[in-house]
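Below are the chains, spelled out letter by letter.
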Amino acid sequence: MIPRRGENKTALVTGASRGIGRAIAERLAAEGYRVFANDLKAREADLSDLAAEVRNAGGLCEVIYCDVSDPVSVETMARDLLAAGGRLDLLVNNAGVRSVHQTGEIEPDEWDRMFAVNTKGTFLVTKAFLPHFRAKGSGRIVNIASIGGKRGGPGESHYCASKAAVINFTQALAVEVAKEGITVNAVCPGVIDTDMGRSHLQDPETLRKVLEKTAMGRVGYPQDVVGSVAFFGSDDAAFITGQSLNVDGGIIFH
Ligand code: NAD
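None of the values given here were measured: they were computed from a predicted structure.

Novice: When you look at the state of the cysteines in this model, what are you seeing that I'm missing?
Specialist: By definition, a disulfide links the sulfur atoms of two cysteines through a covalent bond. According to the stated counting rule, one finds zero disulfides in the structure shown. Cysteine Cys-61 remains unbridged, with the sulfur of Cys-66 as its closest cysteine sulfur at 15 Å. Considering cysteine sulfurs only, Cys-160 is the nearest to Cys-188, which forms no disulfide, with 11 Å between them. Using a relative accessible area of 0% as the deciding quantity, one classes Cys-188 as buried.

Listed below in structure tokens is the structure:
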């Protein structure tokens, strides 16, 4: 039975049109949150489909477009959301990008793109809502980092570095705002079966190595991630901040 921890609360999930973000939005709506589902305008069809699905299930979901890496776009989203919703209780910074290149083949622009969305995007959206959280003396921020941000793997040093920065941003901000009723935590998924995760899963040899290194012997699914996000967002986690929780089926680091 899904707890109704989001009654009379509002949540924003960035990058919610598919994958982990979509599953988080669905879960939060099922917990009773009024959910604002964000993504790029280019993802309009899938985002509208999510909103319709949530509403058909009796939940509350509105779409809100913005490119999280663009400061002007983010400020506009924050203004529009607060005008429409009146409040924000839970911010989930989920939007992210990943690509696979050996370090010698990473173009500087690709390095910058990884940091622009994964790291700067998390910072910009957080910064846009901090004054609101501070004014009401409460707020929950959950950043979707990655197990790759704790221990890097081959072929993704740019991605891993951008996610390590998200984990450290989480820790630093958590202590900065702790006395203001705001908690900041990160969730670090392992390999999850989504459009992004599939680049890991398509090659049979890579999949074999992933399964070998995962104690549970299987990949994760978006549904495996949502409970930890909902928990960090809830009153049950009121005394927990600055944490980065692995949700990875028990990855074995050699
Ligand atoms: P996904 O590619 O399926 O979804 C990412 C979403 O983010 C998409 O809807 C995309 O349109 C959106 N997005 C990208 N750039 C954006 C921008 N500039 N502004 C707004 N939205 C933007 O990926 P996913 O697997 O669902 O990943 C979700 C999060 O989980 C990401 O932060 C990712 O790094 C992280 N993660 C994923 C895995 C995995 O194996 N899938 C593992 C660890 C961490």
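Novice: For this particular structure, what's the right way to read the pattern of salt bridges?
Specialist: Any two side chains of opposite charge can pair, so long as their charged atoms come close to each other. As enumerated under the stated definition, the model contains 23 salt bridges in all. We note a salt bridge from Asp-49 to Arg-22, for which the minimum N-O separation is 2.7 Å. With a gap of 27 residues between them, Asp-49 in helix H2 (residues 44–56) and Arg-22 in helix H1 (residues 19–30) connect regions that are remote in the sequence. Residue Asp-49 is classed as partly exposed on the basis of its relative accessible area, which comes to 42%. Overlapping salt bridges bring together Arg-5, Arg-27, Glu-31 and Asp-236 as one network.

Novice: Just to check I follow, could you spell out the site of the ligand for this structure?
Specialist: The environment of the ligand is made up of 30 residues, and the closest members are Ile-20, Asp-39, Asn-94, Tyr-159 and Thr-194. Residue Ser-17 places a side-chain N or O atom 2.9 Å away from an oxygen atom belonging to the ligand. The protein chains hide 95% of the 830 Å² of surface that the ligand would expose on its own. Among the secondary structure elements, those contributing two or more residues to the shell around the ligand are H1, strand S2 (34–39) and helix H5 (157–177). In terms of residue class, the shell around the ligand is made up of 14 nonpolar, ten polar and six charged.

Novice: Could you clarify how one ought to interpret the packing of helix H3 (residues 71–85) against helix H4 (residues 108–136) in this entry?
Specialist: What describes two packed helices is the angle between their axes and the distance between those same axes. Interaxial distance between H3 and H4 falls to 9 Å at its minimum, and their mutual angle equals 35 degrees. Read as a crossing pair, H3 and H4 show a hand that is right-handed. For the pair H3 and H4, the contacting residues are Pro-71, Val-74, Glu-75, Met-77, Ala-78, Leu-81 and Leu-82 in the first and Leu-124, Val-125, Ala-128, Phe-129 and His-132 in the second. Broken down by class, the residue content of the contact of H3 with H4 amounts to ten nonpolar, one polar and one charged.

Novice: Before we go on, may I ask you to explain the environment of Leu-82 in this structure?
Specialist: Its location among the elements puts Leu-82 in helix H3. Judged by its relative accessible area of 25%, Leu-82 falls in the partly exposed class. Excluding its chain neighbours within four sequence positions, the residues that come into contact with Leu-82 are Arg-87, Leu-88, Phe-129 and His-132.

Novice: Help me understand a negative patch on the surface in this model?
Specialist: Taken together, Glu-105, Glu-107, Asp-109 and Asp-112 make up a surface patch of like negative charges. Along the polypeptide, Glu-107 turns up in the loop between strand S4 (90–93) and H4. Take Glu-107: its relative accessible area is 53%, and that puts it in the exposed class.

Novice: I would appreciate a short explanation of the sheet that holds strand S1 (residues 10–13) in the present structure.
Specialist: Strand pairing in a sheet takes place through backbone hydrogen bonds and is either antiparallel or parallel in direction. Overall, parallel pairing links the seven strands, which are arranged S3-S2-S1-S4-S5-S6-S7 in an open sheet. Whereas interior strands pair on both sides, the edge strands pair on one side only; in this sheet they are strand S3 (60–65) and strand S7 (244–247). Neighbour-to-neighbour, the strand axes of this sheet turn through a mean angle of 20 degrees, independent of strand direction. In this sheet, S2 lies alongside S1 in parallel orientation, the contact comprising four bridges. Looking at S2, one finds that Thr-10 is bridged to Arg-34. Contacts from H1 reach S1, S2, S3, S4, strand S5 (139–144) and strand S6 (182–189) within the one sheet, and its direction differs from that of S1 by about 170 degrees. On the sheet, H5 packs against S5, S6 and S7 and is oriented at approximately 160 degrees with respect to S6.

Novice: Can you walk me through the packing of aromatic side chains in this structure?
Specialist: In this description, a pair of aromatic rings is defined by centroid distance and the angle of the planes. Scanning all chains against the criterion turns up three aromatic pairs. Judged by centre distance (6.5 Å) and plane angle (90 degrees), the ring pair of Phe-123 and Phe-169 falls under edge-to-face. Highlighted residues: Phe-123 in helix H4 and Phe-169 in helix H5, separated in sequence by 46 residues. Classification of Phe-123 by relative accessible area gives partly exposed; the value is 35%. With centroids separated by 5.8 Å and ring planes inclined at 40 degrees, the aromatic side chains of Phe-231 and Phe-232 adopt a geometry described as tilted. The ring centre of Tyr-65 lies 4.4 Å from the NZ or CZ of Lys-41, which sits over that ring.

Scoring rules and cut-offs
- Sequence positions are assigned chain by chain, starting from 1 and proceeding in written order.
- Totals for whole chains, interfaces and linings use every residue, but because this is a predicted model, local features are given only for residues with pLDDT of at least 70 and side-chain atom pairs only at 80 or more, for both listing and counting.
- Values reported for side chains reflect all heavy atoms of the structure, with hydrogen atoms and water molecules removed beforehand.
- The definition used for a disulfide is geometric: two cysteine sulfur atoms within 2.5 Å.
- Three labels apply to residues, based on accessible area from a 1.4 Å probe with only protein chains included: buried if under 20% of the type maximum, exposed if over 50%, partly exposed otherwise in between.
- One speaks of a salt bridge when a side-chain nitrogen belonging to Lys or Arg is within 4 Å of a carboxyl oxygen belonging to Asp or Glu.
- By the criteria applied, helices consist of DSSP H or I runs no shorter than four residues and strands consist of E runs no shorter than two, each listed in order from the N terminus.
- We call a residue near a molecule or strand when any one of its heavy atoms sits within 4 Å of it.
- Whenever two N or O atoms come within 3.5 Å, that pair is a polar contact, provided that in protein one can donate a hydrogen and the other can accept it, and provided that, for residues adjacent in sequence, both atoms are side-chain atoms.
- Surface accessibility in these figures is a Shrake-Rupley result with a 1.4 Å probe; residues are shielded only by whichever protein chains are displayed.
- Polar here means any residue other than Ala, Val, Leu, Ile, Met, Phe, Trp, Tyr, Cys and Pro, which are nonpolar, and Asp, Glu, Lys and Arg, which are charged; Gly is therefore polar.
- Whenever a helix is involved, its axis is fitted only over the stretch in contact; in every case the axis is a line through C-alpha atoms, and angles between N-to-C directions fall within 0 to 180 degrees.
- We call a crossing left-handed when the near helix sits turned anticlockwise from the far one by less than a right angle, and right-handed when that turn is clockwise.
- Whether two residues touch is decided by their heavy atoms; if any such pair falls within 4.5 Å, the residues are in contact.
- Surface patches are defined over residues having more than 30% relative accessible area and no salt bridge, joining like charges when they lie within 9 Å and nonpolar side chains (Val, Leu, Ile, Met, Phe, Trp, Tyr) when within 5 Å.
- When charges are counted, neither His nor the chain ends are considered; positive counts come from Lys and Arg and negative counts from Asp and Glu.
- Where a charge lies is defined by one atom per residue type: Lys uses NZ, Arg uses CZ, Asp uses CG and Glu uses CD.
- Each pair of strands is called paired provided DSSP finds at least two bridges between the two strands.
- For this analysis, a ring pair means two rings from Phe, Tyr or Trp (six-membered ring only for Trp) whose centres lie within 6.5 Å, classed as stacked if their planes differ by under 30 degrees, edge-to-face if by over 60, and tilted for the remaining angles.
- Only Lys NZ and Arg CZ are tested; either one counts as a charge over a ring when it is within 6 Å of the ring centre and within 35 degrees of the ring normal.

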